[in-house]
Amino acid sequence: MKLSDLKTSGHPSTLACSFLYFDVSFMIWVMLGALGVYISQDFGLSPFEKGFVVAVPILSGSVFRLILGVMTDRIGPKKTAVIGMLVTMVPLLWGTVGGRSLPELYAIGILLGVAGASFAVALPMASRWYPPHLQGLAMGIAGAGNSGTLFATLFGPRLAEQFGWHSVMGIALIPLAIVFIMFVAFAKDSPSQPAPQPLKNYLHVFTQKETWFFCLLYSVTFGGFVGLSSFLAIFFVDQYQLSKIHAGDFVTLCVAAGSFFRPVGGWISDRIGGTKVLSVLFIVVAFCMAGVSSLPSLSIVIVLLFIGMMGLGMGNGAVFQLVPQRFRKEIGMVTGIVGAAGGIGGFFLPNILGTLKQMTGSYAIGFITFSCIALLAFGLVLGAGYYWRKAWRAGSEPADAS
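In this text, all values refer to a predicted model and were calculated from it rather than measured experimentally. (Residues numbered from 1 in each chain as written. Predicted model: local features only at pLDDT ≥ 70, side-chain atom pairs only at ≥ 80, totals over all residues. Heavy atoms only, no water.)

Attention shifts here to the environment of methionine 289. Counting through the fold element by element, methionine 289 comes out in helix 17 (residues 274–293). Spatially, the C-alpha atoms of methionine 289 and methionine 333 are 32 Å apart, while their sequence positions differ by 44 residues. Sequence-distant contacts of methionine 289, that is, excluding residues within four places in its chain, are made with Leu228, Leu305, Gly308, Phe367, Phe370 and Ser371. (Helix = DSSP H or I, 4+ residues; strand = E, 2+ residues; numbered from the N terminus. Contact = heavy atoms within 4.5 Å.)

Generally speaking, a soluble globular protein has its nonpolar side chains buried in company with each other. Grouped together as the largest cluster of nonpolar side chains are 116 residues, with contacts concentrated most on Tyr21, Ile28, Leu92, Leu228, Phe235, Phe236 and Phe320. Aside from chain neighbours lying at most four places away, what touches phenylalanine 235 is Tyr240, Leu295, Val301, Tyr363 and Phe367. (Core = buried A, V, L, I, M, F, W, Y, C linked by side-chain atoms within 4.5 Å. Buried < 20%, exposed > 50% of the residue type's maximum accessible area, 1.4 Å probe, protein only.)

The geometry of helix 2 (residues 12–29) relative to helix 12 (residues 173–186) is characterised by a closest axis approach of 10 Å and an angle of 155° between their N-to-C directions. In this view, helix 2 runs roughly antiparallel relative to helix 12, as classed from their interaxial angle. Considering only the axes of helix 2 and helix 12, their crossing is left-handed. Across the interface between the two elements, Ser13, Thr14, Cys17, Leu20, Tyr21, Val24, Met27 and Ile28 from helix 2 touch Pro175, Leu176, Val179, Met182, Phe183 and Phe186 from helix 12. By residue class, the composition of the contact of helix 2 with helix 12 is 12 nonpolar, two polar and no charged. (Axes fitted to C-alpha atoms, helices over the stretch in contact; angles between N-to-C directions. Parallel < 35°, antiparallel > 145°, perpendicular 65-115°, else oblique. Left-handed = near helix turned anticlockwise from the far one by under 90°. Nonpolar A, V, L, I, M, F, W, Y, C, P; charged D, E, K, R; others polar.)

With that settled, the discussion passes to helix 7 (residues 102–116). A rise of 1.5 Å per residue sets the reference length of helix 7, with its 15 residues, at 21 Å; its end C-alpha atoms lie 21 Å apart and thus fit the reference within 8%. Those residues of helix 7 not exposed but buried are Leu105, Ile108, Gly109, Leu112, Gly113, Val114, Ala115 and Gly116. (Expected span 1.5 Å × (residues − 1).)

Now the structure itself:
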């Protein structure tokens, strides 16, 4: 398998547009997390409220992923993406001119979830253009759009320092408009787009054991990634008294690891199988989070978080190497369901960290809890591995049948 195969076996401009759409949408989705320290200062939030504010868009994104996932299968990913980007402009405009009260802020956060739902559109759009042996790489490239977090954490605090956090939301409209124009001009639905089915036909995926396996796994990998991305700036400021800009820089470093290694996780999974990759990565993540729970020096924490986020990013790619092997026809719906589970995991993590910090006065218990969850996910992979090998041995996922 070569990278050049992506050009000859699919549609490169659509793959690029899928990445850009997901990238700018992800940047907007996690914006409240990147600006969390400024928002917390303006509203005088408690540790619990800090975690809840940055988690609201993540939770609403989970709901909208289901909706956009069904729309992707019924009207096509391109139309769904165009609608999603238009709706995403609403909370950005609202945040620019409003957002002066906490209820308003929650409402803006809910609408920002539409940007997070782009996941359920961008990945199926890319997936349908490529054959099974390129799924991990293609889905990894499209999914690497979660690197949009880098732009939010790197530029968000700097712009907020100069112009205020309200203005940052208005500035975000510029890249969104550029990607919108490019997407309309160059993206194209795959000719293998399945015919729309009655809504009741999609419900059968909930009866499949694999759906729930993928949901649980992704709630740890993606949930951990987006949850930490949204909360780490607050953690660095509270725990290590960093400036808001320096906290954003360290978050950017950690997020870069998870974002850029997602395609690597997909590529490796194409070669040796997603379950094997996930087994190793969950152990690595558990070890790193346990190390962070001891709250060592800042330099050690950065290294552990960097490795942990790299593992979570690769895990995201590994999970979505497996999904299209099992659910080719219902990829939009299943991507929405699994993505929603990831968003729910991302909602709970900041709340766990914030709530346990308020209860115990320390972030240690929160990170220990995350470490234990990663170990439970490792056990799930081991238990599910035998079932997957037996069920798919004659199917379309030979890498994990070895």
